[in-house]
Amino acid sequence: MTRVGGRAGGGAPRGVDVARLAGVSQKTVSRVLNGERYVSEDVRRRVLEAAGELGYRLNSAARALASGRTRSIGVITLGTALYGPASLLIGIERAAREAGYALRVVHTLEGDPGGVAGAVESLLEQGVDGIVVSEPIDEGPVSLGVDVPVLVLGAPAAFGGARIMTRGVGAELLARTATEHLLDLGHATVHHLAGPQRWFAARDRLEGWRGALAARGIAPPAVLHGDWSAASGYAAGRELAAHRDCTAVFAANDDMAIGVVRALTEAGLRVPDDISVVGFDDIPVAAYMTPPLTTVRQPFDAVAREGLRLLVRAIEDPEADLPPAYDPPVDLVVRASTAPPPRGARPPAPTAAEPRGDTTAAGPR
């Protein structure tokens, strides 16, 4: 008799039907579908093939009752379309799905000091097995205890709990690498356009830039500040164009770097012949700028996959020792916006033209 989903006699397939087809006990079926260990690969394969042939899905409520877990992970992240937080969330979702967990996402709002605490309470009420905190803004300490494993990405842990893990995306090391690239080309110093300092990532990139200069005995020039937008980069670029000693700029994200390049070009300066520019993130459009933008690529997928692996291990084996943090890979993407400094003094910039279009800093988008 040919089975096309369901079971003989009609009706939805049951665990006993999967057990009969796979030639194992119903308890073994439950162990396999709950993702438990100590099941041979052959048995696991037979059970999964039988479940697929019958179209059987273990009821999530029954799974939770049987295992004491909901196989769900909560994620707390800023509600923004900015490239970094959005890309990290995509990496988390992909890694969680590969591990067999569903995600429950709670977005926070910038400027809400109680947002993280409220999000944690909401997720705990939903019975999640673990929590990922991907909150990029420092809203102050959180007075909250958490009784499930917590993975904090890209920031210090802001609250206490039974098992708190932290993993970074290596922003300080990446910023140091970007700055060293310009110094290695022969530039006497590197100017920095920083992001808003309430963001942990902006602080890390600022420290990476300072560290690279300090390691070579170079006093850092005055820092310019933007808000992640191309408009703020454009405003900073107009200011940098007036500095005749400026031959290299490291911007804390690609959007601001793009604004810098436009302002320099409008001021009659050539990138990279007169001034080299490096960004941060490697957004998709960076490779298609004029000139294509040198930048550093953040390892979002690698960090999410490693972090979720640790979190799932802490959920499924609470007594297991967790490995120490590792340094994420460094990926410097060298394109045509960087070159050695000009020979002799940099030519003075012509009188800056009036801004084209609205350059009012609109804040993160």
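Here, residues in each chain are numbered from 1, in the same order as that chain's written sequence. In keeping with the model being predicted, local features are shown solely for residues with a pLDDT of at least 70 and side-chain atom pairs are shown and tallied solely at 80 or more, while totals for entire chains, interfaces and linings include all residues. Only hydrogens and water are removed before side-chain values are computed, so all heavy atoms of the structure are retained for them.

### Considerations on the environment of Leu264
Tracing the backbone shows Leu264 in helix H10 (residues 254-266). Of the residues examined, Leu264 reaches a relative accessible area of 0% and is grouped as buried. Considered as a pair, Leu264 and Leu240 are 24 residues apart in the sequence and their alpha carbons are 7.9 Å apart. Apart from the residues lying within four places of it in its own chain, the contact partners of Leu264 are Gly237, Ala241, Leu269, Val271, Ile275 and Val277. By definition, any uninterrupted DSSP run of H or I lasting at least four residues is a helix, any uninterrupted run of E lasting at least two residues is a strand, and each is numbered from the N terminus. Burial classes follow relative accessibility: with a 1.4 Å probe on protein chains only, a residue under 20% of its type's maximum area counts as buried, one over 50% as exposed, and anything between as partly exposed. Should any heavy atoms of two residues lie within 4.5 Å, those residues are counted as being in contact.

### Description of the pairing of strand S7 (residues 164-167)
Burial along S7 is one-sided: Met165 and Arg167 are buried, and none of Ile164 and Thr166, which face the opposite way, are. Pairing between strands is defined by DSSP: at least two bridges between the two strands are required. As judged from the four bridges shared by strand S5 (residues 150-153) and S7, these two strands associate in the parallel manner. Considered in S7, the bridge of Leu153 is made with Arg167.

### Points about the packing of aromatic side chains
What counts as a ring pair is set by centres within 6.5 Å for rings of Phe, Tyr and Trp (its six-membered ring), and what kind of pair is set by the plane angle: stacked under 30 degrees, edge-to-face over 60, tilted for all other angles. Applying the stated criterion to the full structure yields three aromatic pairs. Pairing Tyr83 with Phe300 gives two aromatic rings, centres 6.2 Å apart and planes at 70°, and the pair type is edge-to-face. Here Tyr83 is found in helix H5 (residues 83-98), whereas its partner Phe300 is found in helix H11 (residues 300-316), with 217 residues between them in sequence. Here Phe250 and Phe280 contribute two aromatic rings whose centre-to-centre distance is 6.3 Å and whose plane-to-plane angle is 45°, an arrangement assigned as tilted. Placement of Phe250 in strand S10 (residues 248-251) and of Phe280 in the loop between strand S11 (276-278) and strand S12 (295-297) is noted, with a sequence separation of 30 residues between them. The positively charged end of Arg71 is found above the aromatic ring belonging to Tyr101, 4.4 Å away from the centroid. Note on criteria: charge over ring means Lys NZ or Arg CZ within 6 Å of the ring centre, with the direction from the centre no more than 35 degrees off the ring normal.

### A word on the sheet that holds S10
The sheet built from four strands is open, its strands ordered S9-S8-S10-S11 with parallel pairing. The open sheet has two edge strands with one neighbour each: strand S9 (224-225) and S11. Every axis in this analysis is a line fitted to C-alpha atoms, fitted for helices over the stretch in contact. Angles between the N-to-C directions lie between 0 and 180 degrees. H10 rests against strand S8 (191-194), S10 and S11 of the sheet, and its axis sits at about 165° to S11.

### Thoughts on the nonpolar core
Core analysis: the largest hydrophobic core is formed by 38 residues, its most contacted members being Ile73, Ile92, Val132, Phe250, Leu308 and Leu311. Contributing elements (two or more residues each) for this core: strand S1 (72-78), H5, S5, helix H7 (171-184), helix H8 (200-215), S10 and H11. Examining the composition of this core, we find that nine residues originate from one element, H11, more than from any other. In contact with Leu308, other than residues within four places in its own chain, are Ile73, Ile92, Ala95, Ala96, Val132 and Leu151. In this structure, Leu224, Ala257, Ile258 and Ile275 belong to the second largest nonpolar core, which totals 29 residues. Take the buried residues of types Ala, Val, Leu, Ile, Met, Phe, Trp, Tyr and Cys, join any two whose side-chain atoms come within 4.5 Å, and each joined set is a nonpolar core.

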